[in-house]
Amino acid sequence: MRKGFGIGLTVLGGFLVSLAVLAQFWAPGQLMKTPLDTDSTTLLDGTAELSDGDGGTTSFPVKAFSVTHADSERSDSEVIVFQNSSCLVKDEGDIDECVSADDPDERLISASTDDFATDRRTAMAVDDPKYLPPSAEAKEGLVNKWPFEAEKKDYLYWDGFAGQAVDAVYEGTNEVDGLEVYTYKISVSDAPIELSDGVPGTYSVEREIWIDPTTGAIINQTESQQRLDEDGNTFLALDYGFTDEQVTGNADDAKSNSSSLNLVTKTVPLIGWIVGIPALIIGIALQVMRRRSA
């Protein structure tokens, strides 16, 4: 009886310790990667002030839609390739998606498409023609998320309007719908841009981004943006952010994903070490005692 019990404990202990080693040191590298089936739609709303062309401006509510889809065929185990399309529209007529340029109500303010690639672990931009078409804009820094296990430090973050990576300064820890998040602030002042074809101007923004530190997912984002012409007149001013529904959905997804990651990378190793090591020691000890008795 003692023989079988000792062998059983040894086998169980060895299994639990092996499982703990795998979960703690191997699993994070396999699980903490941006999924290749990423397909998301981000909704924002707020207000805009747009030049009327006669020196004045017109204010109205706006919505923004950003659709990001992973191209799994061009992605691999280390790099993920994304295609993004986004638009800014006047919030008129119960609109729930982008409209075309020939919209009869002239609700489309701007629209754009973008191709980019990022490291699946660090979320840093990858500028490599192996993954991107020749027309893709070169990028650097973080693009559409933070790295897994984000840190309380500053990061470089790509600003497409400024056309460069800017500092995302760590501001502190907050809570969104019961989820602990890290807050980062981005400030850009008077960056030279092209307001429209051949029309120069400047771009300024104050942006706050709330991040789930475990997954690096963006939970909430708000910004106040200004685009001015050469004379300092407003071409477009925006004050908008994620919708309440978007924030709630992001927080729920982050909680679920974080729980799954923590189960594998923290809970399983903890149980493996606490239960496995004593079981292994006791099992070996019982077998040694049996042999001595024999």
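On a predicted model such as this, the values are computed, not experimentally measured, just so you know. Sequence order sets the numbering: in each chain, residues are counted from 1 along the sequence as written. Side-chain atom pairs in this predicted model are given and counted only at pLDDT of 80 or more, local residue features only at pLDDT of at least 70, and totals for whole chains, interfaces and linings cover all residues. Excluding hydrogens and water, the side-chain figures rest on all heavy atoms present in the structure.

**Some details on the nonpolar core**
To qualify as a nonpolar core, a set must consist of buried Ala, Val, Leu, Ile, Met, Phe, Trp, Tyr and Cys residues joined through side-chain atoms within 4.5 Å. Accessible area is worked out with a 1.4 Å probe on protein chains only. A residue is then buried under 20% of its type maximum, exposed over 50%, and partly exposed in between. Core analysis: the largest hydrophobic core is formed by 39 residues, its most contacted members being Trp146, Tyr157, Tyr184, Val188 and Ile219. Sort the elements by how many residues they give to this core and strand S7 (residues 179–196) lands first, with 9 residues. Throughout, a contact is declared for two residues whenever any of their heavy atoms are within 4.5 Å. When near neighbours in sequence (up to four residues on either side) are disregarded, Trp146 contacts Ala123, Tyr155, Tyr157, Ala168, Tyr184, Ile209, Ile211, Thr215 and Gly216. Counting residues in hydrophobic clusters, the runner-up holds 7 residues, among them Phe82, Phe116, Val143 and Ala165. What counts as a helix is a DSSP run of H or I of at least four residues, what counts as a strand is a run of E of at least two, and both are numbered from the N terminus.

**Section: the confidence of the model for the protein**
pLDDT measures how confident the predictor is about each residue, on a scale from 0 to 100. Residue-level pLDDT values for the protein average 87, and 85% of them are 70 or greater. Across the protein, the secondary-structure element scoring lowest on mean pLDDT is helix H1 (residues 2–31), at 63, and the one scoring highest is strand S5 (residues 155–159), at 97.

**Some points on the pairing of strand S1 (residues 39–51)**
Strand direction decides the pairing type here: S1 and strand S2 (residues 57–70), joined by 13 bridges, are antiparallel. In the strand pairing of S2, Ser51 is matched with Thr57. A pair of strands counts as paired when DSSP detects no fewer than two bridges linking them. Remark: 5 residues form the turn of the hairpin made by S1 and S2, two consecutive strands paired antiparallel; Gly53 in that turn has positive phi of roughly 85 degrees. One ladder, built from 7 bridges, connects S1 with strand S10 (residues 234–242); its direction is antiparallel.

**Let's talk about the pairing of S10**
Here strand S9 (residues 218–229) runs beside S10; their pairing, made up of 7 bridges, is antiparallel. If you follow Arg227 over to S10, its bridge partner there is Leu236. In this structure, the hairpin formed by S9 and S10 is closed by a connection of 4 residues, where Gly232 is found at a positive phi of approximately 85 degrees.

**Points about a nonpolar patch on the surface**
Exposure above 30% relative accessible area and the lack of any salt bridge qualify a residue for a patch; like charges then connect within 9 Å, and the nonpolar side chains Val, Leu, Ile, Met, Phe, Trp and Tyr within 5 Å. Working definition of accessibility: Shrake-Rupley area with a 1.4 Å probe, residue cover restricted to the visible protein chains. What makes a salt bridge here is a side-chain nitrogen of Lys or Arg within 4 Å of a carboxyl oxygen of Asp or Glu, nothing more. Judged by side-chain polarity, Leu270, Ile271, Ile274 and Val275 come together as a nonpolar surface patch covering roughly 360 Å² of accessible area. Within the secondary structure, Ile271 is located in helix H2 (residues 244–293). Assessed through its relative accessible area of 46%, Ile271 is described here as partly exposed.

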